[in-house]
Every structure is written in C-alpha cells, then in structure tokens.
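# Reading the structure
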Amino acid sequence: MKLYATSPSPFVRKVLVMAIETGLSGRIEHVSLTTTPVAPDSELIRSNPIAKMPTLITDTGTALYDSRVICEYLDSLHDGARMFPVETTARWTVLRRQALGDGVLDAAVSIRYETVLRPDEKRWSAWIEGQMGKVRRGLDTLENEVATFDDDVNIGIITVACALGYLNFRYPEEDWRAPRPGLRDWYAKFATRESMATTEPVVF
Ligand SMILES: N[C@@H](CCC(=O)N[C@@H](CS)C(=O)NCC(=O)O)C(=O)O
C-alpha cells in the first residue's frame, strides 16, 4: 500500500498510529508530499480530487480517503481487536469520539491556514476566535467524558490523542491542559504508547 502523507499532519498521524497499533505499518510505503489549498500537489490530485492527505493507494490500486475511511479499511486487514467496534453501543460512542477529535482538528488546522497561509490583510480575527471556540468546546466535552475512556485502544481515542498532540505542537500557548486535568492525565499516559511516541510531529 502507498500512503500520501506529510508530517506534521494530524490526520496522517491517525493513520500511522492505527497502522502501528494493528501491526500493519510494515505494509505501508510512505510518499511525502506538500499540498495546500492554494497549491495542490498534481500527483495527489490524480488520486484524490479533494487533494488532501492522507490518501492511501491499496495494493489493488484503489485510492482511499479520508483518514476515517483509510483507518476503517486498515481495520479490515488485521485479525486483532477491532478499532471500529461492531457492537452497536460501543460503535456509536467510538465513532462520535472520532468525529469530535476530527472536528477539533478541522478547526485547529483551519486556524493554521488562516494564520500562516492567508495574506495578512485578509485575516479575520473573529473567524479565528470562532474556530478556537470549537476547539475549546470540543476539549471541554472530552474532559467531561474522559473518565469513561477505558483501556481499549480504538479509533475514537486515537483521534482524540492525535488532536491533543497537534494542539501541543501548533498551539502550545493555548495550554489546553491547565483547565482539563482529566484529559491531561489520560494523554500523558496514552502518549507513551509506541504508536504515539514514534509518530510525534516534526517540521522538516
Ligand atoms: N477530513 C480529512 C482532513 C484531511 C486534511 O485536512 N488534511 C490536510 C493536512 S492536515 C490537507 O491535506 N490539507 C490540504 C488542503 O486542504 O488542500 C481527513 O480526515 O483525512
């Protein structure tokens, strides 16, 4: 399989963590690209018209995107415990947590584009604040439910962990930990897993 990827994308990190947790990382070849909404990579566009990473090319040549679809595909390739539970009650909780983590990330990544990519004179501070509101409310919700995270590893908590890791990396000044001690303690432990430690974001 071939994965179009960029470090430090937190959505790519979801896939990498998932691959390590399921023992599939050795089957994935990484293709590093740079793409932005204003300068989409031409090779990536041929596989994914939305031109976002991660995009996975399966061994039969099928292009899969986005991170949610790729992670569920990887979950179909191994014999271990399901990262996308089949049992109904657990499934909807896990999928909602994935959506919450993805929502925090969508907002955080869009602030990044607004502050790094968009020309100074076109920046809109109210819009940035609005996006940061989504991040903070999402984290507050997670703080309220972190006591119900159990020791199982699943796509919900992988996504939450990648979101927290991205906030540490891009927005250390936000200090999400201070008002959220439950999430802080949970993340401190989860971040020591090999899958998290070996996928720490770096800037090239
Ligand atoms: N919903 C997508 C989001 C992926 C995404 O936003 N990727 C960013 C990198 S962090 C990207 O490729 N951005 C390029 C663009 O927006 O054109 C997923 O879960 O994979």
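Residues numbered from 1 in each chain as written. Predicted model: local features only at pLDDT ≥ 70, side-chain atom pairs only at ≥ 80, totals over all residues.

### What to know about the domain arrangement of the protein
Going by this rule: An automatic or database domain assignment provides the domain bounds reported here. Here, residue contact means that the backbone-derived C-beta atoms of the two residues sit within 7 Å. Labels follow the DSSP assignment, with helices taken as runs of H or I lasting at least four residues and strands as runs of E lasting at least two, numbered in each case from the N terminus. Residues are grouped as follows: Ala, Val, Leu, Ile, Met, Phe, Trp, Tyr, Cys and Pro are nonpolar; Asp, Glu, Lys and Arg are charged; every other residue, Gly included, is polar.
Assigned domains within the protein: domain 1 (2-75) and domain 2 (88-194). With centres defined by C-alpha atoms, the gap from domain 1 to domain 2 works out at 20 Å. Taken together, the contact between domain 1 and domain 2 spans 14 residues of the former and 14 residues of the latter. Those elements that place two or more of their residues in the side of domain 1 that touches domain 2 are α1 (10-21) and α3 (67-75). Per-element accounting of the side of domain 1 that touches domain 2 gives the leading share, eight residues, to α1. Here the residues of the side of domain 1 that touches domain 2 sort into nine nonpolar, one polar and four charged.

### Some words on the sheet that holds strand β2 (residues 29-32)
Formally: Each pair of strands is called paired provided DSSP finds at least two bridges between the two strands.
Across the sheet, which stays open at both edges, the four strands sit in the order β2-β1-β3-β4 with mixed pairing between neighbours. Every other strand in the sheet has two partners, leaving β2 and β4 (63-64) as the edge strands with one partner each.

### Concerning the site of the ligand
Heads up, the condition is: In this entry, near means the residue's backbone-placed C-beta atom lies within 6 Å of the molecule or strand.
Around the ligand there are 15 residues in total, and S9, F11, K52, D66 and S67 lie nearest to it. Residue assignment for the shell around the ligand shows that the elements contributing at least two residues are α3 and α4 (88-117). Its residues assigned to classes, the shell around the ligand shows seven nonpolar, four polar and four charged.

### Thoughts on the pairing of strand β1 (residues 2-5)
Cut-off, in case you're wondering: The handedness rule is simple: strands pointing away from the viewer, and a clockwise path from the first strand over the helix to the second, make the crossover right-handed.
Of the pairings in the sheet, the one linking β1 to β2 comprises four bridges and is parallel in character. Across the sheet, A5 pairs through a bridge with S32, a residue of β2. Taken together, β1, α1 and β2 constitute a β-α-β crossover, and its handedness is right-handed. As defined by bridge partners, β1 adjoins strand β3 (residues 55-57) across three bridges and the pair is classed as antiparallel. Bridge assignment links K2 to a residue of β3, and that residue is I57.

### Digging into the environment of K134
Structurally, K134 can be placed in helix α5 (residues 125-145). Spatially, the C-alpha atoms of K134 and A107 are 6.6 Å apart, while their sequence positions differ by 27 residues. In this structure K134 touches G103, V104 and A107, once residues within four positions along its chain are discounted.

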